[in-house]
Amino acid sequence: MKESMRTSSGAVIPRMTAEQAEARSYLTMSLLDKMHLMPVGDPVAYSAAADGSPIYYFDPCRVREAPPENWYIPDEADLVQPMRLENGTLIGRMSTRRAAELGYYTRERLAQMHYDVPPEPAAYTLRGDRSVIYFYDKSAAVRQPLMCVRCGREVRYRRKLCRACFEADLAQRRAEGDAHRNAEYHMQRERVLFFDLELTGVYEHDEIISVSIMNGAGEMLMNTLVHPTHKKRWKQTEKIHGITPEMVADAPTLSELAPRIRGLFDAADVLIAYGISTDYAHIKYIYATPAERNALRAKTRCAAAEFVRYLQEHHPDLTHASLSDAMQVLQVEWDGVAHTSVADTIACAKVWERLFPHYYED
Ligand SMILES: [Zn+2]
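All residue numbers here refer to positions counted from 1 along the written sequence of the relevant chain. Only residues with pLDDT of at least 70 get local features here, since the model is predicted, and only at 80 or more are side-chain atom pairs given and counted; chain-wide, interface and lining totals rely on the full set of residues. Only hydrogens and water are set aside when side-chain values are computed; all heavy atoms of the structure are taken into account.

A. Structural view of the overall build of the protein. Only DSSP runs of H or I covering at least 4 residues are called helices, and only runs of E covering at least 2 are called strands; the numbering of each starts at the N terminus. Along its length, the protein carries 13 helices and 17 strands. Atoms considered for the radius of gyration are the C-alpha atoms alone. The globule rule reads 2.2 Å times the number of residues to the power 0.38. Taking 21 Å as the expected radius of gyration for a compact globule of 362 residues, we find that the protein reaches 38 Å, considerably beyond that expectation. With the C-alpha coordinates aligned to their principal axes, the bounding extent of the protein is approximately 110 × 50 × 40 Å. We call a residue buried when its accessible area falls under 20% of the maximum for its residue type, exposed when it is over 50%, and partly exposed in between, using a 1.4 Å probe and counting protein chains only. Relative to its full complement of 362 residues, the protein shows a buried share of 38%. Contacts spanning at least 24 positions in sequence make up 58% of the contacts within the protein whose residues lie at least 6 apart. Note on areas: Shrake-Rupley, 1.4 Å probe, and residue coverage restricted to the protein chains presented here. Working note: accessible area of the protein is about 20700 Å², and carbon and sulfur atoms make up 51% of it. Residues scored as positive are Lys and Arg, those scored as negative are Asp and Glu, and His as well as the terminal groups of each chain are ignored. Think of each charge as sitting on NZ of Lys, CZ of Arg, CG of Asp or CD of Glu. In the protein, the 44 positive side-chain charges and the 50 negative ones have mean positions that sit 4 Å from each other. Residues count as neighbours in contact if any of their non-hydrogen atoms are within 4.5 Å of one another.

Pasting the structure below:
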């Protein structure tokens, strides 16, 4: 064995006997481990173990307290077939399964998980031919930026795609959406109805207090307040639609209006509302049987759902999809007082025509 060696950081350290090292109070790595200390910097000397491998010595004046995660790791005596790394650290042999339990993985596996490989392994195992496979601690590894799931070459931008793939994807959705909307035409303005209800609240037990129905030609076919049969007050929604109990005191009830509404609905090919599920849940009671209610439902279209689809294709940054948002994006102006059922109905009809530009064409 040579009389000196160069450490991984380039320092040259002398070889000495264990007795000489002890005389200088130098500490081995296993002694430092037992004292829950770790060296600061390189070893200052080394000696040769019985098998010829080096035992490093550290200067006791250049040590610091080891963090707990270092010293609760099994010490030399607990390691299976310990192997000393060039930096003096001991690592044990373990099965791939045990390594995975501890969060230790091979270099290749870490790369697959998009982690940079730490400089030193944390454990090892042996192949059938006795060659060594090292395991690295994932918690000590730095995560690499995630790659695009489509091309795998560029860093992710949005929706797990790189910018180029995201934009190509968006262009394709847009083309599909435009094709979907442009494919609807031939509708007769008189047989397309837009409607809006004002309610005492959003729940099942709430009641209709206003109905507006307009056709695609812009004719307002019904615009009336409705007298609720159970509810006496609706303080919360009154602030939104402005309809007071006094205003509906002399208005017709829904059952009085039902024959006329049914006549309008039955003569229509399609019924469109903005956020139709709430409207449907309340207006369906003008029909008595489930079959009639299903027939009504089959004719309905939701302008809000179509607007959300359009947003996802054309403005994926926007997440709000109220009627006012749709009007803003599609550049539609209010006609009348916002949030009254008549103004909402007109706005819904305009939004629909922006979304389906050929809807009434031959
Ligand atoms: Zn890509």
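B. Up close: the coordination of the zinc ion. For Na, K and Ca the donor cut-off is 3.2 Å, and for all other metals it is 2.8 Å, counting N, O and S atoms only; because water is absent from this set, sites may look incomplete. The zinc ion binds to the protein through Cys148 (SG), Cys151 (SG), Cys162 (SG) and Cys165 (SG), with metal-donor distances spanning 2.3 Å. Square planar and octahedral assignments, for four and six donors respectively, both demand that opposite donors be over 155 degrees apart and that all other angles lie between 65 and 115; tetrahedral needs four donors with all angles between 85 and 135 degrees, and anything else is irregular. Coordination at the zinc ion is tetrahedral: its four donor atoms span angles of 100 to 117° at the metal. Of note, the donors binding the zinc ion are all from one chain and are spaced C-x2-C-x10-C-x2-C. Both residues of the pair, Cys162 and Cys165, belong to the buried class.

C. Molecular detail of the packing of aromatic side chains. Each Phe, Tyr or Trp ring, with Trp reduced to its six-membered ring, pairs with another whose centre is within 6.5 Å; inter-plane angles below 30 degrees give stacked pairs, above 60 give edge-to-face pairs, and intermediate values give tilted ones. Considering all chains together, one arrives at six aromatic pairs under this definition. Ring centres of Trp352 and Phe356 lie 4.4 Å apart, and the angle between their planes is 20°; this geometry places the pair in the stacked category. Residue classification places Trp352 among the buried residues on the basis of a relative accessible area of 0%. Overall, the relative accessible area of 0% leaves Phe356 in the buried class.

D. Local environment of the sheet that holds strand β5 (residues 45–48). Pairs of strands are assigned from DSSP output, requiring at least two bridges between the strands. Taken together, the three strands give an open sheet; going across it, the order is β3-β6-β5, and neighbouring strands pair in antiparallel fashion. Strands at the two margins of the open sheet, each flanked by one partner only, are β3 (27–28) and β5. In this sheet, strand β6 (residues 54–58) lies alongside β3 in antiparallel orientation, the contact comprising two bridges. When the sheet's bridge partners are listed, Thr28 is paired in β6 with Tyr57.

E. Region of the structure containing the layout of surface pockets. Think of a 1 Å grid over the protein atoms and nothing else: a 1.4 Å probe that fits but is trapped marks a cavity, an open set flanked by protein within 12 Å on at least five of seven lines marks a pocket, and residues with an atom within 4 Å of a point count as lining. Grid points are joined across faces, edges and corners, and a volume is the space filled by probe spheres set on the points. Here the second largest pocket is characterised by a volume of approximately 470 Å³. Where the lining of the second largest pocket is concerned, the elements lending two or more residues are β13 (192–199), α7 (235–241) and α9 (276–283). Think of it as three bins: nonpolar holds Ala, Val, Leu, Ile, Met, Phe, Trp, Tyr, Cys and Pro, charged holds Asp, Glu, Lys and Arg, and polar takes everything else, Gly as well. Split by residue class, the lining of the second largest pocket holds six nonpolar, six polar and four charged.

F. Region of the structure containing the nonpolar core. For this analysis, a nonpolar core means a set of buried residues of the types Ala, Val, Leu, Ile, Met, Phe, Trp, Tyr and Cys, connected via side-chain atoms within 4.5 Å. In terms of nonpolar packing, the biggest core is built from 49 residues, with Phe195, Phe265, Ile272 and Ile283 touching the most fellow members. Sorting elements by how many residues they give to this core places helix α13 (residues 341–355) first, with seven residues. Those residues in contact with Ile272 that lie beyond four places of it in its chain are Val192, Leu193, Phe194, Phe195, Arg301, Ala303, Cys348, Trp352 and Tyr359. Counting residues in hydrophobic clusters, the runner-up holds seven residues, among them Leu27, Met29, Leu32 and Tyr56.

G. The sheet that holds β13, seen in detail. Reading across from one edge, β15-β14-β13-β16-β17 is the order of the five strands in this open sheet, with mixed pairing throughout. In this open sheet, the two strands that pair with only one neighbour each are β15 (220–225) and β17 (300–302). Averaged over all adjacent pairs, the angle separating strand axes in this sheet is 25°, with direction ignored. Where strand β16 (residues 270–273) and β17 come together, three bridges link them in parallel fashion. Across the sheet, residue Leu271 finds its bridge partner in β17, namely Thr300. Axis lines are fitted through C-alpha atoms, for helices just across the contact stretch, and the angle between N-to-C directions can take any value from 0 to 180 degrees.

H. Seen up close, the domain arrangement of the protein. For the protein, the assigned domains are domain 1 (1–75) and domain 2 (189–355). Here the C-alpha centroids of domain 1 and domain 2 sit 81 Å apart. Where a domain begins and ends is set by an automatic assignment or by a domain database.

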